[in-house]
Amino acid sequence: MRTHRSVSPLLLLGALSASAPAQVIEASFDEPTGDRWMYPFNGTPGTRIFASTFSAAEAGPGFDDRDAQFILSFDTSGQIPPGMEAGDYRIISARVTVVIDNDEQFRYDPTPDPFVTQLFDTDPAYVPDADPGRAITIFGTGYRAGWDVFTWTETTTFGSVAEVDPAQGMRTIFAANFDSQGTAHDISNNVKQRFDPTPLGVGLTDTVAPGDLVPEGTVFTFELDRCEAGGAGFLQRSLRDGTLNLSISSMQLATGGKGGGTGDITYPFFKTKENIIALLSGEVPKLELVVRVGSPGNYDGLGGVDFSDVLAFLSDYGANDPAADLAPPCGLDFSDVLVFLQAFAEGG
């Protein structure tokens, strides 16, 4: 764990130098550029007015455990300049909100459940779930079959060649965890593969008690984790590329049958940007980002490097403000001071 150490203003004063650009950007996206119900039997890719998430873990081989995912795509290039080194984007905060479209058909669970609670109860490793419901989680995205962040769109074909027929492991974009090298690892079959994935965030609401049924119109908020190294790297690379693609997932069983069917539905539906009523009422998915872009020496973002940058950095650092977190890993310590000093001495 990193510790927060005090630093003398006199140490920083010796680093006064010339000017260079840098800024903290507060970006808000009131609707996604694209959103897609990523489900193998979706006949209306990119145009559906709602999207559901559910699991087919009980179906066995042939379908991904996370069978129905909800992809959100945000073009960030209009508000956050792309094209810099990934490390030049320091995430201060990142928040996604979505709105529920179905009424009291699933239960609120604010805590992700381990994969052992999703095994068949005849499996020796099975552990009963301690609370009702399944959490709604959000992940970064990976690609296969030649698609990437620049070519995939909400209308792209669902899949290529299945690992197991008819649809397991074939989706062109998938919920993913990332290693330190930036390699995407598909988490769509984490129950079959027996591991617990690390989400970027968990959907939370303060209007429904855990275990209660969730009403239509409930807002779920995901605070994206800027500290987990793999996820933070994914966010930085996405801003560098100018597009942030995210995947919402949940593990409620598809009790309504294929695509929901006519049986009891016990999983969430989300309003999409194609839902005109939701669009007019502001109930479509949203993204809010606060990002430090460029070199941190011009800390106050006023276009020059002078003592006001020192005072601004000291103020944030002393207040334990995430804006002063300039050096990986996440957290404030003397390495953040050194990063500021070096950038300040270099003129930005």
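As the structure is a prediction and not an experimental result, all values here were calculated from the model.

Caption draft 1: Just the sheet that holds strand β13 (residues 286-293), in detail. Spatial strand order, β1-β13-β5-β10: 4 strands in an open sheet with antiparallel pairing. The sheet is open, and its two borders are formed by β1 (23-29) and β10 (219-223), each paired with just one other strand. The mean inter-strand angle of the sheet, taken between neighbouring strand axes irrespective of direction, is 10 degrees. Helix-sheet contacts for helix α2 (residues 229-241) involve β5 (89-99) and β13, and the interaxial angle to β5 is about 90 degrees.

Caption draft 2: Just the state of the cysteines, in detail. All chains considered together, the criterion is met by 1 disulfide. A sulfur-sulfur separation of 2.1 Å characterises the disulfide bridge that pairs Cys227 with Cys330. Taken together, the positions of Cys227 in the loop between β10 and α2 and Cys330 in the loop between α4 (307-318) and α5 (334-345) put the pair 103 residues apart, joining distant regions of the chain. Accessibility expressed as a relative area gives 39% for Cys227, which makes it partly exposed.

Caption draft 3: How the structure looks around the nonpolar core. Ranked by internal contacts, the top residues of the largest apolar core, which has 46 residues, are Ile80, Val96, Leu224, Ile248 and Leu289. Here this core gets 5 residues from one element, more than from any other, and that element is β5. Those residues within four positions of Leu224 in sequence are excluded, and the remaining contacts are Ala94, Val96, Ile138, Leu200, Leu235 and Leu246. Counting 15 residues, the second largest nonpolar core, distinct from the first, contains Val310, Tyr317, Leu326 and Leu341.

Caption draft 4: Looking closely at the pairing of strand β11 (residues 243-250). Among the 8 residues that make up β11, 8 are buried, leaving the element largely enclosed by the rest of the structure. Side chains Thr243, Asn245, Ser247 and Ser249 of β11 all project onto a buried face; the interleaved residues Leu244, Leu246, Ile248 and Ser250 project onto the opposite face, where all are buried too. Examined bridge by bridge, strand β4 (residues 69-75) and β11 share 6 bridges and lie antiparallel to one another. Bridge pairing in β11 links Ile71 to Ser247. In this sheet, β11 lies alongside strand β6 (residues 136-143) in antiparallel orientation, the contact comprising 4 bridges. Among the inter-strand pairings, Ile136 is bridged to a residue of β11, identified as Ser250.

Definitions and cut-offs
Residues numbered from 1 in each chain as written. Predicted model: local features only at pLDDT ≥ 70, side-chain atom pairs only at ≥ 80, totals over all residues. Heavy atoms only, no water. Pairing = 2+ DSSP bridges. Helix = DSSP H or I, 4+ residues; strand = E, 2+ residues; numbered from the N terminus. Axes fitted to C-alpha atoms, helices over the stretch in contact; angles between N-to-C directions. Contact = heavy atoms within 4.5 Å. Disulfide = S-S within 2.5 Å. Buried < 20%, exposed > 50% of the residue type's maximum accessible area, 1.4 Å probe, protein only. Core = buried A, V, L, I, M, F, W, Y, C linked by side-chain atoms within 4.5 Å.

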